[in-house]
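Coordinates in review
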Amino acid sequence: EFCRLLTQRQLLEGKIPEGAFYRLPTESEWEYACRAGTTTIFFFGDAKECLKGQEAEFCPLPNEYLWWVGNNSAEKYGPKPVGLKKPNPWGLHDMLGNAWEWCEDRFGPYPRGEVTDPQGAADGTQRVVRGGSWNGVLGLARSSGWRLAPSPQSRSDAATFSIGIRVVLELPQ
């Protein structure tokens, strides 16, 4: 609904061309944008030492790029304004940490074998969220791998209070 209203508003204001529209990214689009051409666990490197603990002193490098439970101080606990950390190699801020991000795809198993731009499950109520959050451990804030599947209708799921969105502008062909 947000994307529909944003599209309507931007069309009326002449900010986007006729036929363009906003939408959530697919899970594969999200991962492609997060990885930014890298092949490591995190877009800033493998940092395997960061998968072991929650203390920031074990893994100082991620603190330059994302908010997570290990660097979110108790007096200012919660999500932060976008852009306070370094961006990924393509200039995108907060792809990891800070807030999980909704994807268009419904949750389901990945297709078997090698695929390009896989699509989510055909049905189901759960949607994919990616990227980790300000209240999660570093192991969940990865360029690939971890994905959660809360229901968009649920407000009781522990993850729903740390989910945000990143929209894609689809341009006409």
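Residues numbered from 1 in each chain as written. Predicted model: local features only at pLDDT ≥ 70, side-chain atom pairs only at ≥ 80, totals over all residues. Heavy atoms only, no water.

**Section: the overall build of the protein**
Heads up, the condition is: Secondary structure elements follow DSSP: runs of H or I no shorter than four residues count as helices, runs of E no shorter than two count as strands, and numbering proceeds from the N terminus. Burial here depends on accessible area, computed with a 1.4 Å probe over protein chains only, as a share of the maximum for the residue type. Under 20% is buried, over 50% is exposed, and the range in between is partly exposed. Contacts are residue-level and defined by heavy atoms, with any inter-residue pair within 4.5 Å sufficient. Each accessible area is a Shrake-Rupley result for a 1.4 Å probe, and residues are judged covered by the shown protein chains and nothing else.
Across its full length, the protein carries two helices and five strands. Helices and strands appear in the protein in the N-to-C order α-β-α-β-β-β-β. Looking at the protein as a whole, 43% of its 173 residues qualify as buried. In the protein, 62% of the contacts between residues at least 6 apart in sequence involve partners at least 24 apart. Counting only carbon and sulfur atoms, one obtains 56% of the accessible surface of the protein, whose full area is about 9900 Å².

**Observations concerning the sheet that holds strand β2 (residues 100–106)**
Using the following cut-off: Strands were regarded as paired on the criterion that DSSP finds at least two bridges between them. Interaxial angle, 0 to 180 degrees, is taken between N-to-C directions of lines fitted to C-alpha atoms, where a helix line uses only the stretch in contact.
On the basis of which strands lie adjacent, the open sheet formed by three strands has the order β3-β2-β4 and mixed pairing. A strand with exactly one partner marks an edge of an open sheet, and here the two such strands are β3 (127–130) and β4 (163–164). In terms of strand pairing, β2 meets β4 through two bridges, oriented parallel. By the bridge assignment, Trp100 is partnered in β4 with Ile163. Strands β2 and β3 of the sheet are contacted by helix α2 (residues 27–35), whose axis makes an angle of about 140 degrees with β2.

**Considering the pairing of β3**
Neither face of β3 is open: one carries Arg127 and Val129, the other Val128 and Arg130, and all of them are buried. Here β2 runs beside β3; their pairing, made up of three bridges, is antiparallel. The residue of β3 that forms the bridge with Arg106 is Arg127.

**A look at the packing of aromatic side chains**
Going by this rule: Working definition: a ring pair exists when centres of Phe, Tyr or Trp rings (six-membered ring for Trp) sit within 6.5 Å. Plane angles under 30 degrees give stacked, over 60 give edge-to-face, the rest tilted. The rule for a charge over a ring is simple: NZ of Lys or CZ of Arg within 6 Å of the ring centre, and within 35 degrees of the ring normal.
Applying the stated criterion to the full structure yields six aromatic pairs. When the centroid spacing of 5.0 Å and the interplanar angle of 10 degrees are considered together, the rings of Phe42 and Phe44 count as stacked. Over the aromatic face of Trp67 sits the side chain of Lys80, whose NZ or CZ is 5.2 Å from the ring centroid. The residue whose ring lies beneath Lys85 is Trp67, and the NZ or CZ to ring-centre distance is 4.1 Å.

**Some words on α2**
Those residues of α2 that sit buried are Glu27, Ser28, Trp30, Ala33, Cys34 and Arg35. Next to the buried residues of α2 lie β2 and β3. Phi turns positive, to about 50 degrees, at Ala36, one or two residues after α2.

**Here's the deal with the pattern of salt bridges**
The condition that has to hold: A pair is scored as a salt bridge if a Lys or Arg side-chain nitrogen falls within 4 Å of a carboxyl oxygen belonging to Asp or Glu.
Summed over all chains, the structure comprises eleven salt bridges. As a salt-bridge pair, Arg4 and Glu1 come within 2.7 Å of each other at their nearest N and O atoms. Judged by its relative accessible area of 47%, Arg4 is partly exposed. Overlapping salt bridges, with partners in common, bring together Glu27, Glu31, Arg35 and Arg130 in one network.

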